[in-house]
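Close look at the chain arrangement
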Amino acid sequence: MYRKTMKRIKVDVKREVLRANDMLAETLRREWKDRGILVVNLLSSPGSGKTALLERTVEALKDKYRVLVLEGDIDTERDAERIRAKGVEAVQITTGGTCHLEANMVMRAWEEVSGEDWDFLFIENVGNLICPAGFDLGEHLRVVLISVPEGDDKPAKYPKAFMTSRWLVLTKMDLLPYFDFSPEKVIEEARRLRPDLRVFRTSAKTGEGIDEWVEALEETLHALRETGLSAG
Amino acid sequence: MHELTILQAIYLSLERVARQYGARRVVSFKLEIGEMANVVPELLEDAFKVLKAAEPLLKDARMEYEIVPLTLMCLECGYTGPWRDRTVACPECGSAIVRVIDGEDILLRDVELDVPEDHEEDKG
Ligand SMILES: Nc1nc2c(ncn2[C@@H]2O[C@H](COP(=O)(O)OP(=O)(O)OP(=O)(O)O)[C@@H](O)[C@H]2O)c(=O)[nH]1
Ligand SMILES: [Mg+2]
Ligand SMILES: [Zn+2]
């Protein structure tokens, strides 16, 4: 029933599919760097302690620095409220079902607060170790968290999260006596994926390791401002 | 999962190519999926079914894909090839100074289209 005769052709388009996100992320990274704002993207499985670590972090930083938190969640405001309860500004990004943040979601949230000056911007990604690793948000520092109860096989199972992170935080260290978890094994496996990975061991409950982590963040902020490169 | 988002991005590219060649139907298309692109092929296939039902352009289309292994280039000894033992260090000399040169992206490749015999390609 063709009105015209048809021919079949093949076109090689060679087009990368995720490029739009990367371009936007690069624009954000440059703006943040020019304004001297250190942007940190936190990745982990659900419940590894991202918000708990951030609660401790903003408490330690808020008297000296202007701190902003973007909270990624599939559909609740709870994490942003936990940060606001510490007296620090937080913007909730609800992804509406999407399992990770994308640069365009971050940009929309950022535009609400970009009129003010900030020193630190923390982005808590959606709890998930797979998808967030594939989406650059324009951060200067990507940090992956593993909690003691999760077990020590995470790096082998989710290599991309570890390949793309510069820092690793082992959280809930207060629980080490109760779980069969070897920090050494995790660190060894993670460093096979990322040889220069810097490791922190923290507990949001006891405060263990928080000082060292906060100092490293401050050093990285200064390095970003002085040399334009982020240390760590 | 973000497979539907990815397919929607692919769809936009397909739509552009179809318009350029005056095609009303995509016959097939091929994807190169990086081993580290964080895509689960089974979920991509499910998402493709959803999209097929929604978009007439894809009504009879076939999706093919190929997994591209993570490929490293060593800046010390020059090794270029796939990674080994799930380690991002050079499999030849052990150096950590390597670049990932392939296996992280999703690439849309061959698109097969049915186009009218007399259609002039629409440039631009
Ligand atoms: N014992 C102990 N429990 C902790 C620690 N940090 C967090 N938790 C508990 O772990 C649970 C999850 O912590 P969150 O900080 O909400 O984890 P999250 O990674 O933000 O979770 P999602 O946002 O849902 O992905 C809570 O019940 C916390 O009280 C810690 O250092 N020690
Ligand atoms: Mg949280
Ligand atoms: Zn080498």
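Before any of the text, the structure's been laid out above.
Remember, predicted model here, so these are calculated numbers, not experimental data.

Conventions and cut-offs
Numbering of residues starts from 1 in every chain and runs along the sequence as written. Starting at A for chains and at 1 for ligands, labels are handed out in the order in which the entities are written. Only residues with pLDDT of 70 or above have their local features reported here, since the model is predicted, and side-chain atom pairs are shown and tallied only from 80 upward, although totals for entire chains, interfaces and linings are computed over all residues. Think of the side-chain values as coming from all heavy atoms in the structure, minus any hydrogens and water. The residues that make up patches have over 30% relative accessible area and no salt bridge, and they are joined within 9 Å when like-charged or within 5 Å when they are Val, Leu, Ile, Met, Phe, Trp or Tyr. Here, Shrake-Rupley sampling with a 1.4 Å probe gives the accessible areas, and only protein chains in the shown set may cover a residue. What counts as a salt bridge is simple: a side-chain nitrogen of Lys or Arg found within 4 Å of a carboxyl oxygen of Asp or Glu. Positive charges come from Lys and Arg alone, negative charges from Asp and Glu alone, with His and the N- and C-terminal ends not counted. In this description, the location of a charge corresponds to atom NZ of lysine, CZ of arginine, CG of aspartate or CD of glutamate. Segments assigned H or I by DSSP are reported as helices when at least four residues long, segments assigned E as strands when at least two residues long, and all are numbered from the N terminus. Per-residue accessibility, obtained with a 1.4 Å probe over protein chains only, is compared with the maximum for each type, and a residue is labelled buried under 20%, exposed over 50%, and partly exposed between these values. Strands are treated as partners if at least two bridges between them are detected by DSSP. Simply put, an axis is a line fit to the C-alpha atoms, just over the touching stretch for a helix, and the angle between two N-to-C directions goes from 0 to 180 degrees. Throughout, a contact is declared for two residues whenever any of their heavy atoms are within 4.5 Å. Buried area counts how much accessible surface, traced with a 1.4 Å probe, disappears from two parts once they are put together, with both parts' losses summed. Two N or O atoms form a polar contact when they lie within 3.5 Å of each other; inside protein one atom must be a possible hydrogen donor and the other a possible acceptor, and for residues adjacent in sequence the pair counts only when both atoms belong to side chains. For this classification, the nonpolar set comprises Ala, Val, Leu, Ile, Met, Phe, Trp, Tyr, Cys and Pro, the charged set comprises Asp, Glu, Lys and Arg, and every other residue, Gly included, is treated as polar. The definition of a nonpolar core used throughout is a set of buried Ala, Val, Leu, Ile, Met, Phe, Trp, Tyr and Cys residues joined through side-chain atoms within 4.5 Å.

Observations regarding a negative patch on the surface
Residues and elements named next belong to chain A. A grouping of Asp211, Glu212, Glu215 and Glu219 is seen on the molecular surface, where their side chains present a negatively charged patch. Within the secondary structure, glutamate 212 is located in helix 8 (residues 210-227). When its relative accessible area of 44% is taken as the criterion, glutamate 212 is described as partly exposed.

A word on the sheet that holds strand 5 (residues 98-102) of chain B
Residue and element names in this part refer to chain B. Across the sheet, 3 strands lie side by side as 4-3-5; this open sheet has antiparallel pairing. In this open sheet, the two edge strands, each paired with only one partner strand, are strand 4 (80-82) and strand 5. Taking the axes of each pair of neighbouring strands and ignoring which way they run, one obtains an average angle of 35 degrees across the sheet. Relative to strand 4, strand 3 (residues 71-74) runs antiparallel, the two being bridged by 3 bridges.

Here's the deal with the interface of chain A and chain B
On the side of chain B, 37 residues touch chain A, which itself brings 31 residues to the contact. Buried area between chain A and chain B, both sides added, is near 3400 Å², and the carbon and sulfur share of it is 58%. Three residues, Lys7, Arg15 and Val17 of chain A, lead the burial of chain A against chain B; their summed loss comes to 18% of the area buried on that side. For the interface between chain A and chain B, the tally reads 7 residue pairs in polar contact (both at pLDDT 80 or more). Every element with two or more residues in the side of chain A that touches chain B is listed here: strand 1 (6-16), helix 6 (159-163) and helix 7 (183-193) of chain A. Class assignment of the residues belonging to the side of chain A that touches chain B gives a composition of 17 nonpolar, 3 polar and 11 charged.

Description of the pattern of salt bridges
Across all of its chains, the model carries 27 salt bridges over all chains by this definition. The salt bridge partner of aspartate 136 of chain A is arginine 29 of chain A, with a shortest N-O separation of 2.7 Å. Remark: arginine 29 of chain A occurs in helix 1 (residues 19-34) and aspartate 136 of chain A occurs in the loop between strand 5 (120-124) and strand 6 (141-147); sequence separation between them is 107 residues. When salt bridges that share partners are traced, they join Asp12 of chain A together with Glu32 and Arg109 of chain B into one network.

Looking at the nonpolar core
Ile10, Phe29 and Leu113 of chain B are the most contacted members of the largest nonpolar core, which totals 32 residues. Listed by contribution, the elements that provide at least two residues to this core are strand 1 of chain A together with helix 1 (3-21), strand 1 (25-34), helix 2 (41-54) and strand 6 (106-116) of chain B. Tallying contributions element by element places helix 1 of chain B first for this core, with 8 residues. Contact partners of phenylalanine 29 of chain B, with chain neighbours within four places excluded, come to Ile10, Leu14, Phe48, Arg62, Met63, Glu64, Leu108, Asp110 and Val111 of chain B. One finds Leu54, Tyr65, Ile83 and Val169 of chain A within the second-largest nonpolar core, a separate group that totals 29 residues.

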